[in-house]
Number of protein chains: 2
Amino acid sequence: MPSVTPCGSGGGVGGNTAVMPIPALGAATAAIETPALLVDLDALELNIARLADYASARGLRLRPHAKTHKCAAIARLQLAAGAVGVCVQKTGEAEALQAAGIDRLYLSNEVIDERKLARLAVLATRCTAFAIAVDSPLGVQRLAQALRDAGVGTSRVEVFVEIDVGQGRCGLDSAAAVVALARQVIDAGLRFGGLQAYQGKAQHLRTPAQRAAAIAVAAQRASAARDALLAAGLPCPLITGAGSGSFVDEAASGVYGELQCGSYVFMDRDYADNEWAAGAPRFEHALFVKAQVISRGPAHAVIDAGHKSHAIDSGLPRVRGADWRVDNGGDEHAILRGDALPGLGDTVWLIPGHCDPTVNLHDRLIAVRGGLEHGVVEAVWTVDARGCVQ
Amino acid sequence: MPSVTPCGSGGGVGGNTAVMPIPALGAATAAIETPALLVDLDALELNIARLADYASARGLRLRPHAKTHKCAAIARLQLAAGAVGVCVQKTGEAEALQAAGIDRLYLSNEVIDERKLARLAVLATRCTAFAIAVDSPLGVQRLAQALRDAGVGTSRVEVFVEIDVGQGRCGLDSAAAVVALARQVIDAGLRFGGLQAYQGKAQHLRTPAQRAAAIAVAAQRASAARDALLAAGLPCPLITGAGSGSFVDEAASGVYGELQCGSYVFMDRDYADNEWAAGAPRFEHALFVKAQVISRGPAHAVIDAGHKSHAIDSGLPRVRGADWRVDNGGDEHAILRGDALPGLGDTVWLIPGHCDPTVNLHDRLIAVRGGLEHGVVEAVWTVDARGCVQ
């Protein structure tokens, strides 16, 4: 069921299927041309259920980050499992998912451009719930102005003040600035939702102890900001953050009320390289690039998937079920070395180094049931927000 | 003039412009929302003319690689400047460009999948000239079979035998194997075009001397393969290869008859980091990502363009006209550090680290005339083959 996609993914909508072949529902995975991005539905559903159960057992809200999958079909599965909504990172991402039927959105990032804020004012009227992050007086002033200019009540939008809890990217770093900005939010008639407190740098620290130490600092900064708000007579309804590498630490902190994990649905190679504490929920690899050997040398095999098919910002992919070394072969190739290499025309399955930007390279996700080698195509999902960086 | 795009780029075709805003022709560059991929037309035209003049002055054929731009509008400019056709790297890339009106195509890569070969048999009937590379007996056998199965004369397709001239990726590495494969090509009734001899690893060796040494080896291997063909009584009509980093060396070798440069049209940061010999043609930066500061810290500025907007496989982008350090901020952010940092809402122009995969992240190229700061939008070009990895 490819959903309508307004901003990209022409291959799924208005595309010429003679050019980028879309497999028929029920087709065997062997019939899928390469390189293609596949989702193992059994693994995906397991991952979605495991985190949903973990959060609900602890009374935590779960608002998964849709920047990972950019796909309304997967967002629907997360909402059906109890998510309160999904996070997005860009204005266009929010618009594309709303157009595809997802109407509980949190844009967990700053927007300064007045044209984008005007677009968001319209979007807010189409959503059941719309929230956004801010970290500057200018951002709050322009957001409120855009809503007024569009005749949209400012109370329609929930606003989280972002604080820097160790990532060193966006977010305020003083409690006084947090209090002043929260007051500006409230004075503008916007709904103050609380604090955005995501520590992205903690996610791939390799040991549980390293991640716990980083999140201890994040939780301390978040609670200090919350205490400053309360001391100033302001509310702090919610502290939201956490990612797939560290969420057990945010959950244990007693400070965070909501988890924003994204990658857990797919689990890429980089997350698999983390060490995990005993008893922590485990997630399965659910995202794979199907590739084919197109050239063989005496001691290497060349496949038809390079970094236009899988993102390498977090390193090269791993081959599923084999210990072949993967070398960078450029935009459209990767080179395999090792023992018992596959032959010309053989299929290999790659576990991408980083799932989020890998999904963003593809127009659709081919959802298979029954495993990769012998499964069948159960759905073809449009990557609704593919390329929606604006 | 966005051209029709069959396999991707829904933003340009059937897209909802309210979601990914497409600037009006004649609009000022200030009106373009960020992040956006811009082409400086004055620089692009200069680059296209400089390489065309260089090749024609030396009696060399020029067949630019369209994997760089994936854009029929730019291919048309290259053909109008004297290119004999364009190279592509994937079956879908060939189909997308042909559907957009480019009908002289060379797929300079191996295709083994019988379904793709069946697609290419159809494509060959739609092209004025269609060529492909091979490096295995299975590839030749399947190609000829696909043409016969489609009722397409095998003589319709020109075939280049790829040899490994030092890259260690695809291509044959023995003269005897080259002779045997060329004979199989001819016996199958395919048109034997000669040798594909591209040395990708030479392109970013930093000094002219390093590149000259690598291409000396490549030319020696290519001429040895050619001599073996002639000694066996077979022709060797053409040796084709060369890239934007090394083409002066292939041109000087006397062995190569055709240049396949791609990146010269845009010149990314990685190519700019090469040292260039005095007297070698110089190319200008023509591809830029327009970005906006969305968050400011005391000693850093955060922009709204991360590696979902510019590829970082060859390193981070450089900021045009400034020496700020660019740090990786993840999928949707980059972090600038240095003196006199830009303020909240300010525009910065990024020179991408690697142009080919950066273009592949975007649905369209916004072609501006008169410079970035004060120019106007002259055309909006669809990236016709965006995402066409199959």
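Given the structure is predicted, the values throughout are model-derived calculations rather than measurements. (Residues numbered from 1 in each chain as written. Chains lettered and ligands numbered in written order. Predicted model: local features only at pLDDT ≥ 70, side-chain atom pairs only at ≥ 80, totals over all residues. Heavy atoms only, no water.)

Colleague: Residue-level account of the confidence of the model for chain A, with values.
Modeller: Residue and element names in this part refer to chain A. Chain-level pLDDT for chain A is 94 on average; 95% of the residues reach the 70-or-more range. Predicted confidence for residues 1-18 stays below pLDDT 50, and this span has 61 contacts to residues more than four positions away or in other chains. Among the scores for the predicted complex, ipTM is 0.95 and pTM is 0.95. (pLDDT = per-residue confidence, 0-100. Contact = heavy atoms within 4.5 Å.)

Colleague: Help me get a handle on empty space enclosed by the protein, residues and values and all.
Modeller: Using the criterion set out here, one finds eight cavities of 30 Å³ or more in the structure. Counted as a void, the largest cavity has a volume near 180 Å³. As for the largest cavity, its lining consists of 14 residues, and the residues nearest its centre are His 307, Ala 311 and Ile 312 of chain A together with His 307 and Ala 311 of chain B. Across the lining of the largest cavity, the residue classes tally to eight nonpolar, three polar and three charged. (1 Å grid on protein atoms, 1.4 Å probe; cavity = no way out; pocket = protein on both sides within 12 Å on 5 of 7 lines; lining within 4 Å. Points joined across faces, edges and corners; volume = space filled by probe spheres on them. Nonpolar A, V, L, I, M, F, W, Y, C, P; charged D, E, K, R; others polar.)

Colleague: How would you summarise the sheet that holds strand β6 (residues 157-162) of chain A if you had to cite specific residues and measurements?
Modeller: Strand order in the open sheet made by the eight strands is β2-β9-β8-β7-β6-β5-β4-β3 (chain A), with parallel pairing throughout. Edge positions in the sheet fall to β2 (61-62) and β3 (86-88) of chain A, since each has one partner strand and no second. (Pairing = 2+ DSSP bridges. Helix = DSSP H or I, 4+ residues; strand = E, 2+ residues; numbered from the N terminus.)

Colleague: Can you break down the interface of chain B and chain A residue by residue, with the values?
Modeller: Taken residue by residue, the interface counts 74 residues in chain B and 74 residues in chain A. Both faces combined, the contact of chain B with chain A buries some 5,800 Å², and carbon together with sulfur accounts for 50% of it. Along the contact surface separating chain B from chain A lie eight salt bridges. For Lys 90 of chain B, the salt bridge goes to Glu 332 of chain A, with nearest N and O atoms at 3.0 Å. Applying the counting rule to chain B against chain A returns 34 residue pairs in polar contact (both at pLDDT 80 or more). Among the residues making up the side of chain B that touches chain A, the classes are represented as 26 nonpolar, 25 polar and 23 charged. (Buried area = accessible area lost by both parts, 1.4 Å probe. Salt bridge = Lys/Arg side-chain N within 4 Å of Asp/Glu carboxyl O. Polar contact = N/O pair within 3.5 Å; in protein donor to acceptor, adjacent residues only side chain to side chain.)

Colleague: I'd like to hear about the packing of aromatic side chains, residue by residue, with values.
Modeller: On inspection of all chains with the given rule, the structure shows eight aromatic pairs over all chains. With a centroid separation of 4.8 Å and 45° between ring planes, the pair formed by Tyr 106 of chain B and Phe 160 of chain B is classed as tilted. Taken together, the residues span a long stretch of sequence, with Tyr 106 of chain B in strand β4 (residues 104-107) and Phe 160 of chain B in strand β6 (residues 157-162) at a distance of 54 residues. Connected via pairs of aromatic rings, a cluster forms that spans Tyr 54, Phe 247, Tyr 264 and Phe 283 of chain A. Sitting over the face of the ring of Phe 288 of chain A, Arg 320 of chain A holds its NZ or CZ atom 5.7 Å from the ring centroid. (Phe/Tyr/Trp six-rings, centres within 6.5 Å; stacked < 30°, edge-to-face > 60°. Lys NZ or Arg CZ within 6 Å of the ring centre and 35° of its normal.)

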